[in-house]
Amino acid sequence: MREITIGGLLFGISGLPIGEGKQKFNYASGINYVKAFGLDAMELLFVQSVNVTDKNKDAILAAKLENDLYLSAHGSYYINLNAVEQEKQEQSIHRILAATEALAKVRGRSLIFHPGFYLQDSPEKTYATIRDNLAGLPYQGIDYRLETTGKRTQFGTIEELVSLCSEIPSCKLCIDFAHIHARNNGSLKGYDDFADILQLVLNQLGREALDDLHIHMGGVEYSHKGERNHLPVRESDFNYTACLRALKDYNVQGCVICEGPWVERDALFLKHTYARL
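Residues numbered from 1 in each chain as written. Predicted model: local features only at pLDDT ≥ 70, side-chain atom pairs only at ≥ 80, totals over all residues. Heavy atoms only, no water.

Undergrad: Mind showing me how you'd approach the sheet that holds strand E4 (residues 110-113) here?
TA: Remark on secondary structure: sheet strands pair via backbone hydrogen bonds, oriented parallel or antiparallel. Taken together, eight strands build a closed barrel; the order of strands is E1-E2-E3-E4-E6-E8-E9-E12 and the barrel is parallel. Taken over all neighbouring pairs, the strand axes of this sheet differ in orientation by 30° on average, direction set aside. For strand E3 (residues 70-74) and E4, the ladder comprises three bridges, and the chain directions are parallel. Looking at E4, one finds that histidine 74 is bridged to isoleucine 112. (Pairing = 2+ DSSP bridges. Helix = DSSP H or I, 4+ residues; strand = E, 2+ residues; numbered from the N terminus. Axes fitted to C-alpha atoms, helices over the stretch in contact; angles between N-to-C directions.)

This is the structure we're talking about:
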């Protein structure tokens, strides 16, 4: 079967589908289900451990190729490229490389991760440390997707990540609109708020960045400190219609991954909403 190529906007889910509550999915059966459900992509979850192994990689790859599905993976939650201890920075680099090696075995395209935390450092010093660590990563055919973060203690504003991507060719963006919304206490209210983000990307990284953009979207509960947890997209104040309209007006191509408790249902709802705009 042919490999998937990016054209238009693909929609998929984070992790395994929920199904009807009776099925027990693994990655291979989940891929089959997601495609039959009408979706285009899946983001494997390496957040606790790298769970693509020599035992399951062949079945995952076969399902991916048969269904022509876009695969990405979310890297470990235990990545901090600005850790105080050099050993912990090195462990973070090892986790990133282990994840890219596993994703390559199933012909995935992008590894998504949060780069780190400010801790006691200034934003400028944190940026420099994380930049140097990212610049040292070997490129192995998998894009390093830096994800905008949902808490103010985390490094990862859209401005910081756009700047990193402009400096490091192997790094690309993952815009998590729900994280941006939560980080700034509900800042994304209308169309112009989403359009401003896309215009920033266009201005700083060029048209090619919008032609291959990785996006996270979903409902989110938050406080003044930022993200608390994911919600079904229609049970939150996230203005998904304005977001999708901005993506369409800017002719964004790539992949939208839906997160939250109703993953495939919300993802298909977003896909159908986008098609109607």
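Undergrad: Just to check I follow, could you spell out helix H2 (residues 57-67) for this structure?
TA: One full turn of an α-helix is made of 3.6 residues, so residues set three or four places apart face in the same direction. When we look at burial in H2, the residues that qualify are Ile60, Leu61, Ala63, Lys64, Leu65 and Asn67. Backbone geometry just downstream of H2 places aspartate 68 in the positive-phi region, at approximately 55°. (Buried < 20%, exposed > 50% of the residue type's maximum accessible area, 1.4 Å probe, protein only.)

Undergrad: What is the right way to look at the nonpolar core in this model?
TA: For soluble globular proteins, nonpolar side chains are generally found buried alongside one another. The biggest cluster of nonpolar side chains holds 77 residues, and the ones touching the most others in it are Leu44, Leu134, Leu173, Phe177 and Leu247. With five residues, the next largest nonpolar core counts Leu10, Tyr70, Cys255 and Ile257 among its residues. (Core = buried A, V, L, I, M, F, W, Y, C linked by side-chain atoms within 4.5 Å.)

Undergrad: Explain the environment of phenylalanine 117 to me, please; I cannot follow it from the model alone.
TA: Within the fold, phenylalanine 117 resides in strand E5 (residues 116-117). Residues phenylalanine 117 and glutamate 208, spaced 91 residues apart in sequence, show a C-alpha to C-alpha distance of 29 Å. In contact with phenylalanine 117, not counting residues within four places along its chain, are Ile79, Asn80, Asn82, Thr126, Thr153, Gln154 and Phe155. (Contact = heavy atoms within 4.5 Å.)

Undergrad: Can you help me understand unusual backbone geometry in this one?
TA: Trans is the prevailing form of peptide bonds, just as negative phi is the prevailing case for residues other than glycine. Look at aspartate 68: it is not a glycine, yet its phi comes out positive at around 55°. For aspartate 68, a relative accessible area of 12% puts it in the buried group. Phi at arginine 107 is positive, roughly 60°, even though this residue is not glycine. Structurally, arginine 107 is set in the loop between helix H3 (86-105) and E4.

Undergrad: What's the story with the state of the cysteines in this structure? I'm lost.
TA: Disulfides are covalent bonds that link the sulfur atoms of two cysteine residues. As enumerated under the stated definition, the model contains zero disulfides in all. For cysteine 243, which is in no disulfide, the shortest distance to another cysteine sulfur is to cysteine 258 and amounts to 11 Å. For cysteine 243, a relative accessible area of 0% puts it in the buried group. A disulfide-free cysteine, cysteine 258 has its sulfur positioned 11 Å from the sulfur of cysteine 255, the nearest such atom. Classification of cysteine 258 as buried rests on a relative accessible area of 1%. (Disulfide = S-S within 2.5 Å.)

Undergrad: What is the right way to read the side chain of histidine 216 from this model?
TA: When you line up the elements, histidine 216 lands in strand E9 (residues 213-217). Judged by relative accessible area, which is 0%, histidine 216 ranks as buried. Separated by 3.1 Å, the side chains of histidine 216 and glutamate 147 make a polar contact. There is a polar contact of 3.4 Å between the side chain of histidine 216 and the side chain of aspartate 176. If near-sequence neighbours (up to four positions away) are discounted, histidine 216 is found in contact with Glu43, His74, Ile112, Glu147, Cys174, Ile175, Asp176, Phe177, Ala178, Ile257 and Glu259. (Polar contact = N/O pair within 3.5 Å; in protein donor to acceptor, adjacent residues only side chain to side chain.)

Undergrad: Can you help me understand helix H10 (residues 263-276) in this one?
TA: Spanning 14 residues, H10 covers 20 Å between terminal C-alpha atoms, matching the ideal 20 Å at 1.5 Å per step. Along H10, the positions that sit buried rather than exposed are Val263, Glu264, Asp266, Ala267, Leu268, Phe269, Leu270, Thr273 and Tyr274. Buried residues in H10 make contact with strand E1 (9-14), helix H1 (27-37), E9, helix H9 (240-249) and strand E12 (254-258). (Expected span 1.5 Å × (residues − 1).)

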